[in-house]
Amino acid sequence: MIRFWTDAWNGDPFIDSTSMEELTLKGINPHVFISNLASQGHWNIPPDWFVWFPFLSSRLANVLAPSSDLEDEMGWKHSVSGHLALKDAYLFFAKPNLDCPWSKVIWHLNIPPSRSITVWRMFHHKLPTDDFIMKKGIPLASRCPICLADSDTFQHLLFDCNFTKSLWSWLRMKLHSNHVPSTVPDWLDSNLCLNSPQVALIHGAAVVNSLFSLWQIRNSAKYDNRKPSLKSATEWILQQVQKSGNSSSKGSFISMQDFSFIKDFKVNIIPPKSPTIKEVLWSPPSLGWLKCNCDGSFIPDISKAGCGGIFRNHSGDFTLAFAEPIRFTSSLHAEFGAVIRAMEIAILNGWNKLWVVLHPNF
């Protein structure tokens, strides 16, 4: 049963325009059902209600009272059918799609998922450093296990620690970059301006493995008392980048910049694919004839079609060309439309000897 005052059966609930206290003071049951206020298609609302609550007149002006004794049921206002499906519930609570170009950098086929997950947690500030644990209400005597000079915090581990600064200086040199990122997104976004697929992969693998190595070094120093070594860290990063680079089929560009960058990481260069060259021979029509090469196309996404063609004589000399939109809803119909339009133009110009070829390459 649907309640007149508290259910959202006519936009926002009527109770939002008044209050429980006001209804109670006026002797109105706030939980009264609609079925108690309507019969045979007419509203049986006490006249005093329209005086006390003027908004009822406008809200009920275009609403027909129930005319049958069917049982009331709740409807989902965010769907056309009024029924709440699982998909509708998910879409209602799901966040809108966010543009995350950095996700393609860390979630890559040639980068181990364990490292991608660690960097993803870094991006969302979800690493269990001491400051993160203390925010959960657990008191700790915090100290950076790498430099032993400051607290073990997210910011210190990734950017302020002297060991980290040395590692980032080495990485910027290897990446041929003077930019000094101050956040994890800065490191990931610096990959987006690279054009060569192979260079972009190597760049991303270098950043991901460097961030992952910092977390591994921190844990080894904290739990295994291992002294951090910059040389060991950089050698490990180079090995991992080399594995990722050599296991990929991404190609490079023909440039000295790409060559130098890729060779710095000892990765095999994958040259770009050579363009496909297809020989096309145009056959001229017989003497006194015209040949029209035409074609049509249809774009389903925008529901638009067009056609075009070119007329040439037996010597291959240009005679006439056309290109125009047409009203068709498929590629096949658009191609037939191109042929029909070519014949119409030929008739208008008095060209009785016409050779029409649907595809323009022959």
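Procedures and definitions
- Residues numbered from 1 in each chain as written.
- Predicted model: local features only at pLDDT ≥ 70, side-chain atom pairs only at ≥ 80, totals over all residues.
- Heavy atoms only, no water.
- Pairing = 2+ DSSP bridges.
- Helix = DSSP H or I, 4+ residues; strand = E, 2+ residues; numbered from the N terminus.
- Axes fitted to C-alpha atoms, helices over the stretch in contact; angles between N-to-C directions.
- Contact = heavy atoms within 4.5 Å.
- Salt bridge = Lys/Arg side-chain N within 4 Å of Asp/Glu carboxyl O.
- Buried < 20%, exposed > 50% of the residue type's maximum accessible area, 1.4 Å probe, protein only.
- Core = buried A, V, L, I, M, F, W, Y, C linked by side-chain atoms within 4.5 Å.
- pLDDT = per-residue confidence, 0-100.

A. Quick look at the sheet that holds strand β6 (residues 354-357). The strand order β5-β4-β3-β6 describes an open sheet built from four strands, whose pairing is mixed. Looking at strand neighbours, the two that pair on one side only are β5 (318-326) and β6, the edges of this open sheet. With direction set aside, neighbouring strand axes in the sheet form an average angle of 15°. Judged from the nine bridges that link them, strand β3 (residues 290-299) and strand β4 (residues 304-312) form a sheet pairing that is antiparallel. Pairing of glycine 296 across the sheet is with cysteine 307, part of β4. Packed onto the sheet, helix α14 (residues 331-348) meets β3, β4, β5 and β6 and runs at close to 145° relative to β3.

B. Representation of the pattern of salt bridges. Across all of its chains, the model carries five salt bridges by this definition. Across the salt bridge formed by arginine 218 and aspartate 152, the nearest N and O atoms sit 2.5 Å from each other. With arginine 218 in helix α11 (residues 197-223) and aspartate 152 in the loop between α7 (130-135) and α8 (154-160), this pair connects stretches of sequence that are 66 residues apart. What makes arginine 218 buried here is its relative accessible area of 1%.

C. Structural context of the environment of proline 30. Take proline 30: it is sitting in the loop between α1 (20-25) and β1 (38-39). Sequence separation between proline 30 and serine 283 is 253 residues; the distance between their C-alpha atoms is 86 Å. Excluding anything up to four places from it in sequence, proline 30 contacts Trp5, Thr6, Met20 and Leu23.

D. Structural detail: the nonpolar core. Leu158, Val184 and Leu188 are the most contacted members of the largest nonpolar core, which has 41 residues in total. Of all the secondary structure elements, the ones that give two or more residues to this core are α5 (103-106), α6 (113-123), α8, α9 (162-174), α10 (184-189), α11, α12 (230-246) and α13 (256-264). Residues contacting leucine 188, with those up to four places away along its chain left out, are Trp102, Val105, Ile106, Val119, Phe123 and Val207.

E. Region of the structure containing the confidence of the model for the protein chain. Averaged over the protein chain, the pLDDT score is 86; the fraction of residues at 70 or greater is 93%. Least confident of the elements in the protein chain is α10, whose mean pLDDT is 76; most confident is α12, at 94.

F. Geometry of unusual backbone geometry. Of note, the phi angle at histidine 125 is positive, near 55°, even though the residue is not glycine. Residue placement: histidine 125 occurs in the loop between α6 and α7. In the Ramachandran plot, leucine 148 falls in the positive-phi region, its phi being about 60° despite a non-glycine side chain. You can call leucine 148 partly exposed: its relative accessible area is 49%.

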